[in-house]
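Below are the chains, spelled out letter by letter.
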Amino acid sequence: QCSACKYIAKGVRTWVHRKSKPWRKWSEEGKGKWVRKSLKNACSKIPKQVCTYNKNGKKIFGDFDALMSKGGSMSGLSMSGELKTQLRNACKELAKKYGRDIEDGYVSVKNPGKYKIEKDLCGELSGACLDRKDRDDVDDMDASKEDISKLAERMEKLSKDEL
């Protein structure tokens, strides 16, 4: 759960930061519009080959193509089309449930780099990482297909409970 959330938060952060230079000049409405678009992009443009692999005894997410371009070796590699689908579904649920909170968080800062989306989304908002020791360490994640599936189910249940 925690690693799926942090992987998603990292994707949102990457999209938001693409327009960090004009950020200060934008109105709150303009910033909010860009954050909403970034959330949508982060969920729809998940890499073609998502994988999990072991690093320091932990399973973490990665973009397979990006990892291969870096070279080196890795152990415990797991790739599945189902993994990508589950990650996309979890992303959509997080965006649906917490999108307004994420937007408010970004709009409230002068520089988008000052907003700690991983800490906010995966800690305070969703609680996905509350039981983790190292919440802010992106490389210290425990991920598997079951974790993502549980996160998607949890987010779906939460959204149904609110209706």
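Residues numbered from 1 in each chain as written. Predicted model: local features only at pLDDT ≥ 70, side-chain atom pairs only at ≥ 80, totals over all residues. Heavy atoms only, no water.

Engineer: Give a description of the packing of helix α1 (residues 2–16) against helix α5 (residues 117–125) that names residues and reports values.
Structural biologist: Contact geometry of α1 with α5 gives a least axis separation of 9 Å together with a crossing angle of 145°. Here α1 runs over α5; the crossing is right-handed. On α5, the residues that touch C5, K6, A9, K10, V12 and R13 of α1 are I117, E118, L121 and C122. (Axes fitted to C-alpha atoms, helices over the stretch in contact; angles between N-to-C directions. Helix = DSSP H or I, 4+ residues; strand = E, 2+ residues; numbered from the N terminus. Left-handed = near helix turned anticlockwise from the far one by under 90°. Contact = heavy atoms within 4.5 Å.)

Engineer: Lay out a positive patch on the surface with the relevant residues and their values.
Structural biologist: A contiguous patch of positive charge on the surface is contributed by R18, K19, K33, K37, K40 and K45. Position of K45 among the secondary structure elements: in the loop between α2 (28–44) and β1 (50–55). (Patch = residues over 30% accessible without salt bridge, like charges linked within 9 Å, V, L, I, M, F, W, Y side chains within 5 Å. Areas by Shrake-Rupley, 256 points an atom, 1.4 Å probe, with all protein chains shown as cover. Salt bridge = Lys/Arg side-chain N within 4 Å of Asp/Glu carboxyl O. Lys, Arg positive; Asp, Glu negative; His and termini not counted. Charge placed at Lys NZ, Arg CZ, Asp CG, Glu CD.)

Engineer: If you had to explain the pairing of strand β2 (residues 58–63) to someone new, which residues and values would you point to?
Structural biologist: As defined by bridge partners, β1 adjoins β2 across six bridges and the pair is classed as antiparallel. Note that in β2 the partner of C51 across the bridge is G62. If you look at the hairpin formed by β1 and β2, you'll find two residues sitting between the two strands, and N56 has a positive phi there, around 55°. (Pairing = 2+ DSSP bridges.)

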